[in-house]
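# Report on the structure
Chain by chain, the residues:
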Amino acid sequence: MTFNDVIGQDEVKQRLLQMEGEGRLPHAIMLCGPVGVGKLALAIAFASHLLGEDNAMVRKLEHPDLHFTYPTIKLPSMGSDHQPVSDDFVRQWHELLAQGPYFSLDEWLLAMDAENQQAIITAGESDELVRKLSLKSSQGGYKVSIIWLPERMNTACANKLLKLIEEPPQHTLFLLVCEDPGQLLETIRSRVQRIDVKRLPADIIREELVARRAVAPELAQRISRLASGSWLKALHELRADSENEQFLDLFILLMRQAYMRNVKELRRWSETMASFGREKQKRFLQYFLHMIRESFVYNFHQPELSYMTQKEEDFTRNFARFVNEDNILAITDLANLAIRDIGQNANSKIVFFDMALKMIVLLIQK
């Protein structure tokens, strides 16, 4: 993988190359930014550059001096004393990377068949990383450790990684790919050089959709606005079986049954939501917030502020009047509370049924 495979982000590319060219490359860099903007792609491209892009092992991402660390889960087949490590899922990781470096934690969980589990980076992983990086470089150059989602480290792992970053092995570069730096230890954040990877401009996404995916210009224009600066989201919008279509149906069902005060159907709706894995439940709640925001904005009759598909807009046309100054904050707080509760492993059937019942009252405030 080379920098040519990275969508946009020319400023970050040049900064990385400049640091390396001027001989002032720090031993630890943290690439921070939203999902889907190219952080992992940048890390892999830069690692490939340092290790030699023409090397066949580098092209296959199997170079002995390139190490990947990522969140994992514990399989039923693993022993009670075994702490899962990245090598336990190396096949799934390479299969996912073969499809491209733009994917989310949810997609990684699916690749591991772990949608209902919380993936973490264990202390066993840090022990394994210490062992690997203590070995001499096979080619006499850099050893590169790419840590994807370091905020998923448990406390024991984070403390061991801190010591490793404080006293790094010779010629070792750590590339941390982070989406929520606030979840990391402050001592780790203070010992890495942070580079913020920004959302992609809509015109870049539009141009790349046309050039790389042969998307018609009109469709590329619409998708580029819906993508909110994320190449991953743009790719999701291209999929015919987009999960968002299912979420739209669930959103419509919730709103209609809440408006009709149909408690029986709302209970059935909550049971449907409870059947999903927790990561998917959280994705729906984020989608819920998106639709509430778009419905509120629709009332201002400013098309340039709208970021909806045609199907979403068709529903919002009649629904928007039910989201207004009197209830927008309460509805938003309700969804954020549900996200927090789901993240803390609360009973999802109770969480969604409670949310559905409260929507009955909130929709009256129109």
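What you are looking at is a predicted structure, and each value in this text was computed from that prediction instead of being measured. (Residues numbered from 1 in each chain as written. Predicted model: local features only at pLDDT ≥ 70, side-chain atom pairs only at ≥ 80, totals over all residues. Heavy atoms only, no water.)

All right, on to the overall build of the protein then. A tally of helices and strands in the protein yields 17 helices and 5 strands. Expected size for 366 residues packed as a compact globule is a radius of gyration near 21 Å; at 23 Å, the protein falls within 12% of this value. Considering only C-alpha atoms, the protein reaches an extent of 70 × 50 × 35 Å along its principal axes. A total of 366 residues make up the protein; the buried ones form 50% of that total. (Helix = DSSP H or I, 4+ residues; strand = E, 2+ residues; numbered from the N terminus. Rg over C-alpha atoms; globule rule 2.2 N^0.38 Å. Buried < 20%, exposed > 50% of the residue type's maximum accessible area, 1.4 Å probe, protein only.)

Further remarks concern helix α12 (residues 243-259). Taking 1.5 Å of rise per residue, 17 residues should cover 24 Å, and α12 covers 25 Å from first to last C-alpha, within 8% of that figure. Close packing links the buried residues of α12 with α13 (263-274), α14 (278-298), α15 (310-319) and α17 (348-364). Two residues or fewer after α12 comes Arg-261, characterised by a positive phi angle close to 55°. (Expected span 1.5 Å × (residues − 1). Contact = heavy atoms within 4.5 Å.)

What follows covers the side chain of Lys-132. In this fold, Lys-132 is placed in helix α6 (residues 123-133). By relative accessible area, Lys-132 is classed as buried at 13%. Side chain to side chain, Lys-132 and Asp-87 meet in a polar contact 3.1 Å long. Ignoring sequence-local partners within four residues, the contact set of Lys-132 consists of His-67 and Asp-87. (Polar contact = N/O pair within 3.5 Å; in protein donor to acceptor, adjacent residues only side chain to side chain.)

A few words on the state of the cysteines. Taken as a whole and assessed by the stated rule, the structure comprises 0 disulfides. Cys-32 takes part in no disulfide bond, and the closest cysteine sulfur, belonging to Cys-178, lies 4.7 Å away. You can call Cys-178 buried: its relative accessible area is 0%. (Disulfide = S-S within 2.5 Å.)

Turning our eyes to something else, we now look at the pairing of strand β2 (residues 66-69). Residue alternation in β2 divides its side chains into two sets, Leu-66 and Phe-68 and His-67 and Thr-69, and both sets are buried. As paired strands, β2 and strand β3 (residues 143-148) are joined by 4 bridges and run parallel to one another. Looking across to β3, one finds that His-67 is bridged to Ser-145. (Pairing = 2+ DSSP bridges.)

To describe two helices that pack against each other, one gives the angle between their axes and the distance between the axes. Following both chains from N to C, one finds helix α9 (residues 202-213) and helix α10 (residues 217-226) inclined at 140°, their axes separated by 8 Å at the closest point. With respect to their mutual orientation, α9 and α10 come out oblique. Relative to α10, α9 is oriented so that their crossing is right-handed. Contact residues: Ala-202, Ile-205, Arg-206, Leu-209 and Val-210 in α9; Pro-217, Ala-220, Gln-221, Ile-223 and Ser-224 in α10. Tallied by class, residues from the contact of α9 with α10 come to 7 nonpolar, 2 polar and 1 charged. (Axes fitted to C-alpha atoms, helices over the stretch in contact; angles between N-to-C directions. Parallel < 35°, antiparallel > 145°, perpendicular 65-115°, else oblique. Left-handed = near helix turned anticlockwise from the far one by under 90°. Nonpolar A, V, L, I, M, F, W, Y, C, P; charged D, E, K, R; others polar.)

Right, let's talk about the packing of aromatic side chains for a bit. Enumeration over the complete set of coordinates arrives at 20 aromatic pairs. Consider the rings of Phe-247 and Tyr-287, whose centres lie 5.9 Å apart with planes at 50°: the pair is tilted. Residue Phe-247 is located in helix α12, and its partner Tyr-287 is located in helix α14; the two are separated by 40 residues in the primary sequence. For Phe-247, a relative accessible area of 1% corresponds to the buried category. Looking at Tyr-287, the relative accessible area reads 4%, which means it is buried. Taken together, a centroid distance of 6.1 Å and an interplanar angle of 25° make the contact between Phe-319 and Phe-322 stacked. The pair formed by Phe-319 and Phe-322 is uniform in burial state, with each residue classed as buried. Through pairs of rings, three or more aromatic residues link up here, namely Phe-247, Phe-251, Tyr-259, Trp-269, Phe-284, Tyr-287, Phe-288, Phe-315, Phe-319, Phe-322 and Phe-352. Sitting over the ring of Phe-353, Arg-267 keeps its end group 5.7 Å from the ring centre. Across from the ring centre of Phe-276, 4.3 Å away, lies the NZ or CZ of Lys-280, which sits over that ring. (Phe/Tyr/Trp six-rings, centres within 6.5 Å; stacked < 30°, edge-to-face > 60°. Lys NZ or Arg CZ within 6 Å of the ring centre and 35° of its normal.)

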